[in-house]
Amino acid sequence: MDVRKKLEILADAAKYDASCSSSGGKRKAGKEGLGSVEGMGICHSYTPDGRCVSLLKILLTNFCIYDCQYCINRISSDTARARFTPAEVVRLTLDFYKRNYIEGLFLSSGVIKSPDYTMEQLIEVARTLREVHGFQGYLHLKAVPGASKELIDKAGLYADRLSANIELPTDGDLKKLAPEKSFAVTGGTMKEISARVEQSRAERQESPKAPKFAPAGQSTQMIVGATPTPDAAILDTASRLYTRFKLKRVYYSGYSPIPLVDARLPAKSPPLVREHRLYQADWLLRFYGFRVDELTPPEQPDLSLELDPKLAWALRRREAFPVDVNRAPREALLRVPGMGVRTVDRLLRIRRWHRVTLADLARLRVPLTRMKPFIVTADHRPTGLIDSSRLAERVTPPSTQLSLFTSAREALTGEL
Amino acid sequence: MRVEVGPDLDSFRTAARGLLARGVSPEQVLFTEEGSGQGSLLAPAVVPASAPVAGLSVPPAFLELAQKVACHRSPERWGLLYRVLWRLTHGERKLLEVESDADVYRVLTLAKGVQRDAHKMKAFVRFRRVEREGEEFFIAWHRPEHFIVRYVAPFFARRFPSMRWSILTPDASVSWDLEQLTYGPGVPRSQAPEGDALEEMWRTYYASTFNPARLNVRAMRAEMPKKHWATLPETRLIPELVRQAPQRTSRMVSPKLELSESSRFMPEHQDLASLAQAAQGCRACPLHERATRTVFGEGPAGARLMLVGEQPGDQEDRVGRPFIGPAGQLLDTVLAAVGLEREQLYVTNAVKHFGWVEGEEKQRLHAKPGRSEVLACKGWLDAEVAQVRPKMILCLGATAAQAFLGPGFRINLSRGQIFETPWAKAWMATFHPSALLRMPDERARAQARIHFEADLRRAADTLRALG
Ligand code: SF4
Ligand code: SF4
């Protein structure tokens, strides 16, 4: 099979993994080398699904000895199979990189023979790129859950980012659909990564010469909508991962219908907007000081599809409003619907010099109609609106089209 | 007074220093660019470039902004920069923190434009490999919006230190010879290399990494503006990928060929009249229990356009004909406006029985059919398509569209686009006319109406083009 055919199969098989950003870290090639990593990663292209093409995202192979039901590569699937040699992946990465098509490589793989054997193959690609070719572009390697500590340690020396996928939001879901996987094993791998990241950071504080370990940290991916598990449980798992293993990102990937699907799985994919709401809620947890039970209270364990989670919260907690833009502390401003972190920080600066008016807000390009009922400015005070039962209707964006359109961007910037 | 600058930041700085030192306020100066006006009235030598002006210190943030703004194509930039500089040095030292100030806002907007353009240049430059005298060169032709070649070139030097490369643009060019950057004049596209054998491989990757189940052309366009497509080898695949997406998705969603429940009720001869009659006895899903009668499709067997709605409504259920209620009237109006005649179309619904719930005043309120009812009724729809064999199918609303393409289809994302499908050469979905009547928000309703008319017009044009 020629390389192009393999590429077709192995890129297709990798496309269901959403965790494909390339931000974080800093690298620079020597005179003889190639590549750099500087701050925010670059999206070199976009496919008609609206997603960014930043890394060469492929599987080393889609042969797999496991049988995860939601995955097209499971052993019982009769999909076409292919396998790259490590040298082929190295060649392809360098060729693409030199033409400025990509920021680097995102290499994952089905499990062949054993987790350790698979991990060794991935490491071989990374080692060759870094040591033989002086490649300093971005490298994201999959950490195969259950691979030995020594191998994880080695992978982190070459990779910018490592990720072990948690796959499903609860252990019960895993038992049902991915019998060979468990929270315990994946958690063990995540723990090893986070410990080594921390250790390397400490060492480098003492001596900048100490080796870097996965400087862009670790991420994970959760498939949403393959089981009936509610958003509350999904966010709860995510928030525990953030605290326990210091994850950089949790990616939510709406279960995508795959060819030759198993009868245990739903016949349809969850609405695209659900994934979008989860990303919004995720940002609220990490940067806006919200707790999981505020966003998904027991009586409403799923996020609203119509309202963004912050607006939904504000409508449940009207007594917290209106908030005075000229006086309120940062935490209170962050909870105003339509107010993003960047806007809040700008306002805090602006109000040191003059009293903020509606015109100021308009120039900062905030969604004023949505925000007005919730704020007080030097020249505006909402009148009774907050108690009106029609409030929800008034502040809801006219159609969901807008939010779908902005979703990709919001997932990146998290401005709510 | 008229002052001529560079047009580069250094020459502006020199001029501005001189002006500030002499206390010339922004209203008194007009900046022009070299070659665009008469000679300078202010010799740059009035104040030597390196001499610090007493009391003149500008925040580093300004210099950083000015560096970007200077690359902008807008002729207002020098005047604007000088105004901000003046205000910074005349009592408003913290001006840049007031991002809502009109001048600051403008400066930031220009800077952001340049920043974005620079970012797109880093992203969209595509090198092509050529060999000359045994040496390997990488050459790209790119069309930036602003004068950013010098601003962005160091990035490429850091990233590709071991390659000999050149980036050519209409305004300027730059080359790296493994040691240093050399700048030159603009170069027309015709002088850039034509292709690279690797581009076929890149296109293979691009096509394979695309997920047709999540088609979202608008998001793609927002991030990858069409003006850059000409120099991106992968973009030529886009129309084909978009066109085939629904077909590929439908293969993903309905992998097994399930037999629709209603197939049990199919007549032996499947001409339209027999089908319509047999459907009167259909009991394949619970909907028939509460409805008055089956409302089958109507229209000539050879119709070139087939319209598919959701399900009959209250009036249709009483009379037994599709699209005669308020939604049907709206539909007729728009059809007439775009030059389509209802009599020549085959009009039907995805589900043939009226589904309803009781309202507060005992009226029958339309209830959206579920997926299982749609699938149960699909047998009738398929039989109609097979008989009519339309050149084009126009689905009104998500239910109809999803009856063909599965539940992943989104009206909001894919409305108005023409797809090639197994059922008809051209296939399109748009809003259901009753959605236009129901939308609570007036603006949204007017907007949707415009889209609806445009979609129908496009459908009519497509139909004509199909011959
Ligand atoms: S281990 Fe990974 S590749 Fe293998 S079946 Fe499970 S999810 Fe798919
Ligand atoms: S709705 Fe369709 S499937 Fe259901 S009973 Fe009526 S004709 Fe049959």
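Residues numbered from 1 in each chain as written. Chains lettered and ligands numbered in written order. Predicted model: local features only at pLDDT ≥ 70, side-chain atom pairs only at ≥ 80, totals over all residues. Heavy atoms only, no water.

Student: Explain the overall build of chain A to me, using residue names and the numbers behind them.
Tutor: Helices and strands together make up the secondary structure of chain A, namely 16 helices and 12 strands. In chain A, which comprises 416 residues, the proportion classed as buried is 60%. Of the roughly 16,600 Å² of accessible surface on chain A, a fraction of 54% belongs to carbon and sulfur atoms. (Helix = DSSP H or I, 4+ residues; strand = E, 2+ residues; numbered from the N terminus. Buried < 20%, exposed > 50% of the residue type's maximum accessible area, 1.4 Å probe, protein only. Areas by Shrake-Rupley, 256 points an atom, 1.4 Å probe, with all protein chains shown as cover.)

Student: Can you break down the site of ligand 2 residue by residue, with the values?
Tutor: Neighbouring ligand 2 are the residues C282(B), A284(B), C285(B), H288(B), V351(B), K352(B), H353(B), A376(B), C377(B) and W380(B). Across the shell around ligand 2, the residue classes tally to 7 nonpolar, 2 polar and 1 charged. (Near = heavy atom within 4 Å. Nonpolar A, V, L, I, M, F, W, Y, C, P; charged D, E, K, R; others polar.)

Student: Give me the lowdown on unusual backbone geometry, citing residues and values where you can.
Tutor: Across the junction of F321(A) and P322(A), the peptide omega takes the value 0°, indicating a cis bond. Note on placement: P322(A) falls in the loop between α10 (309-316) and β11 (323-324). Phi at R365(A) takes a positive value of approximately 60°, unusual for a residue other than glycine. Looking at where R365(A) falls in the secondary structure, it is placed in the loop between α13 (358-363) and α14 (368-371). Classification of R365(A) as exposed rests on a relative accessible area of 66%. Its identity as a non-glycine residue notwithstanding, R389(B) has a phi of 45°, on the positive side. Structurally, R389(B) can be placed in the loop between α12 (371-388) and β12 (392-396).

Student: Provide a residue-level description of the pairing of strand β13 (residues 426-430) of chain B, including the pertinent values.
Tutor: Along any regular strand the residues' side chains alternate between the sheet's two faces. All names here are of chain B. The element β13 is largely enclosed, with a buried count of 5 among its 5 residues. Where burial is concerned, the two faces of β13 agree: the one with A426, M428 and T430 and the one with W427 and A429 are both buried. Note: β12 against β13, 5 bridges, orientation parallel. Within the sheet, the bridge partner assigned to C395 lies in β13 and is A429. (Pairing = 2+ DSSP bridges.)

Student: Quick one: what's the story with the sheet that holds strand β6 (residues 104-108) of chain A, residue by residue and with numbers?
Tutor: Each strand in a sheet pairs with its neighbour through backbone hydrogen bonds, running either in the same direction (parallel) or in the opposite one (antiparallel). All names here are of chain A. Across the sheet, which stays open at both edges, the 6 strands sit in the order β5-β6-β7-β8-β9-β10 with parallel pairing between neighbours. Pairing within the sheet leaves two strands with one partner each, and these edge strands are β5 (55-59) and β10 (249-254). Strand after strand, the sheet turns through a mean of 20° between neighbouring axes, direction not considered. Alignment of β5 against β6, held across 5 bridges, turns out to be parallel. Following the sheet pairing, L55 is matched in β6 by G104. (Axes fitted to C-alpha atoms, helices over the stretch in contact; angles between N-to-C directions.)

Student: Tell me about the pairing of β10(A), residues and numbers included.
Tutor: Residues and elements named next belong to chain A. Among the 6 residues that make up β10, 6 are buried, leaving the element largely enclosed by the rest of the structure. Across the two faces of β10 the burial is the same, with R249, Y251 and S253 and V250, Y252 and G254 all buried. Considered for its hand, the β-α-β crossover made up of strand β9 (residues 218-224), helix α7 (residues 231-245) and β10 is right-handed. (Right-handed = clockwise from strand over helix to strand, strands pointing away.)

Student: A description of the environment of E306(A) should follow, citing residues and the corresponding values.
Tutor: By the secondary structure assignment, E306(A) is in the loop between α9 (292-295) and α10. For the pair formed by E306(A) and R277(A), sequence separation is 29 residues and the distance between their alpha carbons is 9.3 Å.

Student: Outline the state of the cysteines, listing residues and values.
Tutor: Residue and element names in this part refer to chain A. Throughout the structure, instances matching the rule amount to 1 disulfide over all chains. The residue that forms a disulfide with C43 is C52, at a sulfur-sulfur distance of 2.3 Å. Here the S-S torsion is close to -100°, and the disulfide linking C43 with C52 is therefore left-handed. A relative accessible area of 16% places C43 in the buried class. Accessibility expressed as a relative area gives 27% for C52, which makes it partly exposed. (Disulfide = S-S within 2.5 Å.)

Student: Give me the lowdown on the pattern of salt bridges, citing residues and values where you can.
Tutor: Residue and element names in this part refer to chain B. Considering all chains together, one arrives at 56 salt bridges over all chains under this definition. Between E298 and R321 there is a salt bridge, with the nearest N and O atoms lying 2.8 Å from each other. You can see E298 sitting in the loop between α9 (272-279) and β8 (305-309) and its partner R321 sitting in the loop between α10 (314-319) and α11 (326-337), a full 23 residues away along the chain. Residue class for E298 comes out partly exposed when judged on its relative accessible area of 27%. Each of R83, R87, E92, D101 and D103 takes part in a single network of salt bridges with overlapping partners. (Salt bridge = Lys/Arg side-chain N within 4 Å of Asp/Glu carboxyl O.)

Student: Go over the interface of chain A and chain B with me, naming the residues and quoting the values.
Tutor: Counting from both sides, the interface comprises 74 residues of chain A and, opposite them, 69 residues of chain B. Buried area between chain A and chain B, summed over both chains or domains, comes out near 6,500 Å², and the portion from carbon and sulfur atoms is 57%. By the criterion of area lost to chain B, the three top residues of chain A are Y46(A), P48(A) and R99(A), representing 12% of everything that side buries. Linking chain A with chain B are 8 salt bridges. With its nearest N and O atoms 2.9 Å apart, the salt bridge here joins E99(B) to R349(A). The interface formed by chain A and chain B contains 30 residue pairs in polar contact (both at pLDDT 80 or more). Here the element with the most residues in the side of chain A that touches chain B is helix α1 (residues 3-14) of chain A; it accounts for 6 residues. A breakdown of the residues in the side of chain A that touches chain B according to their chemical character gives 34 nonpolar, 16 polar and 24 charged. (Contact = heavy atoms within 4.5 Å. Buried area = accessible area lost by both parts, 1.4 Å probe. Polar contact = N/O pair within 3.5 Å; in protein donor to acceptor, adjacent residues only side chain to side chain.)

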